[in-house]
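Results of the structural survey
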Amino acid sequence: MVAETGFGFSPWKLSGTVYGALLNHAPQLSALGETVNAAPYKAAPRFPVLQVRPRNTVCFSGSVVAIPALPGVLEIGVSLGIVISQVACRVSATDAPHVIAGYLIAAELGLPCESHYRPAVRLKARDGFTVLGSVIAAQQIADPNALKASVAVDGAEVSTLTTGDRVRPVAELIAAVTEFMTLQPGDVLLLGASTPAPRVRPGQTVRITMEGLGCLEFSLKPETTAPSAPEQVKTTPDSTTPTARVVYGGAIHTATPHPLGLRLEDGRTLPEHAVQWLPPFEVGTILALGLNYADHLKELSKELTVTAKDEPLVFLKGPGTLVGHRGMTCRPAEVQFMHYECELAVVIGKTARNVQRAQAMDHVAGYTVCNDYAFRDYLENWYRPNLRVKNRDSATALGPWFVPASAIPNPHNLALRTRVNGQLTQQGSTANMVNDIPALVEYLSSFMTLQAGDVILTGTPEGVVNVNAGDKVVCEIEGIGRLTNTIVGESP
Ligand code: CA
């Protein structure tokens, strides 16, 4: 039986982030044939094509998932979920079994897309679109790369598949992912769906069984477009005082600005360098905008096939990429071009779903500065800017201060500046955003529930230049703060 409302029950508490592999089914990739070498792809993916499946998408067996009236149909990607047991960084394929706690059945839902070239996040990051089953201990699964599965819709089998035929089987996928990003205990890495994906409509019930992993069940209903009921903002709405989160004396403190540096809540004042700065709020889903400044779009136009008229180019980032003020970011030894991106980060203060432009700013709690590094060498024309470009450990700096929205009457007229070793290399104004903040809140909340702590990185203006190990990069936004970061070389 499927529960009528809400998320189903799972004995396993989700503690981590869900990352999915796309195009990992070898027959799917070969079915693309020569088109992989045509523009805009130019070549088959050389590295795993990955996506973050954010927290609003995650639900469990027994859930009822809503499908929008258009197109009124969704595709079910049946995937094996690999649950990570310990911190996993640069794990070889041979050692990969040691970081696997267990496996689960995952249904990666998506609205049908015509092209694999940057399909919109809107198609996949919808509420409830990642349905997870119960975790089965790794020891109970002899060969995770040869599990038979079947999909039944309303009791009739519509598809059978296996977890085999992957471009990267379980161990190789873990090795390829942890080569550039650290997985945490409780994270789930999805092996990727088989094609063709069965399609379903509202009113139908889906049951997926996988050998040794039991079954996963959910049903579909039509989506309604009622706006969400507003929730109270956690922070005091009238405060205009910036706050930071810092580690000092082994504990996390809230701090406020002080002429000497910062002031802890107990009154102690400290210089900036005496503390470790964390991102200034508890970060939920990280939504990043690509090409959201007209001048930057022009700067990169030779390499691109998008125009400003397209749907906003949104991609998602995981929490492991975050670092605070005065943090350090690694420049891999082999890259030729690594650049900073100074961005206004917009922090959501209360739940937002189907919010109209006129009400959008009511859902913004405040702002901080982001430096969203990119590693241009790793850019491949598959899916979004891939995680290997945009989701490396410590390559997204946030801070120093969370500045309440009430302190910034007009966030659309702020100067942005980046200095590398004191030299001005980038400047722009938030006035030049292609999609402004209300447009972004309206767009994102039209397909996903935004929650307090979610953050929108609103893009960067022109002026991105290569930076090297030893460089000190300072991103500054008028009235918001000055975020410092140092590039370090790769440690052996
Ligand atoms: Ca960016």
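Residue positions within a chain follow its written sequence, with the count starting from 1. In keeping with the model being predicted, local features are shown solely for residues with a pLDDT of at least 70 and side-chain atom pairs are shown and tallied solely at 80 or more, while totals for entire chains, interfaces and linings include all residues. Only hydrogens and water are set aside; all other atoms, that is, all heavy atoms of the structure, feed into the side-chain values.

Let us look at the sheet that holds strand E22 (residues 322-323). Note on pairing: DSSP must find at least two bridges between two strands before they are called paired. Every helix listed is a DSSP run of H or I at least four residues long, and every strand listed is a run of E at least two residues long, numbered separately from the N terminus. One open sheet holds the 7 strands; their spatial order is E21-E20-E31-E25-E26-E28-E22, and the pairing between them is mixed. Of all strands in the sheet, those bounded by a partner on one side alone are strand E21 (313-317) and E22. The sheet contact formed by strand E20 (residues 286-290) and E21 spans 5 bridges and is antiparallel. Residue pairing across strands places Ala288 opposite Phe315, the latter belonging to E21.

For the rest of this paragraph, the subject is the nonpolar core. Grouping buried Ala, Val, Leu, Ile, Met, Phe, Trp, Tyr and Cys residues that are joined through side-chain atoms within 4.5 Å yields what is termed a nonpolar core. Burial status follows relative accessibility: with a 1.4 Å probe on protein chains alone, a residue under 20% of its type maximum counts as buried, one over 50% as exposed, and anything between as partly exposed. Residues Ile76, Ile208 and Phe218 are the most contacted members of the largest nonpolar core, which totals 115 residues. In terms of residues, this core owes the most to one element, strand E5 (residues 74-84), which gives 6 residues. Domain limits in this description derive from either an automatic procedure or a database domain assignment. A domain split of this core shows at least three residues from each of domain 1 (18-222) and domain 2 (280-489). Contact between two residues is taken to exist if any of their heavy atoms lie within 4.5 Å; hydrogens are not considered. Those residues in contact with Ile76 that sit more than four places away from it in its chain are Ala107, Glu108, Leu109, Val151, Ala197, Pro198, Val200, Val206, Ile208 and Phe218. Counting 16 residues, the second largest nonpolar core, distinct from the first, contains Ala345, Val347, Ala365 and Leu398.

Opposite charge on two side chains permits pairing when their charged atoms draw close. One speaks of a salt bridge when a side-chain nitrogen belonging to Lys or Arg is within 4 Å of a carboxyl oxygen belonging to Asp or Glu. Under the counting rule described, the total for this entry stands at 18 salt bridges. Across the pair Arg482 and Glu476 runs a salt bridge, and its minimum N-O distance is 3.5 Å. By relative accessible area, which is 51% here, Arg482 ends up exposed. Ionic contacts of the salt-bridge type, sharing partners, join the residues Arg126, Asp127, Glu223 and Arg353 into one network.

Looking along a regular strand, one sees side chains alternate from face to face of the sheet. Extensive coverage of strand E28 (residues 396-404) is indicated by the burial of 9 of its 9 residues. In this sheet, E28 lies alongside E22 in parallel orientation, the contact comprising 2 bridges. Along E28, the bridge assignment pairs Val323 with Ala397.

Atoms of type N, O and S within 2.8 Å of a metal are treated as its donors, and for Na, K and Ca the window is 3.2 Å; water is not considered, so some sites may appear to be missing partners. Looking at the calcium ion, one finds its protein donor set to be Glu341 (OE), Glu343 (OE) and Asp372 (OD), positioned 2.0 to 2.2 Å from the metal centre. Ordering the donors of the calcium ion by residue number gives the pattern E-x1-E-x28-D. Of this pair, Glu343 sits in strand E25 (residues 342-348) while Asp372 is found in strand E26 (residues 364-372), placing the two residues 29 residues apart along the sequence. Here Glu343 matches Asp372 in class, with each residue buried.

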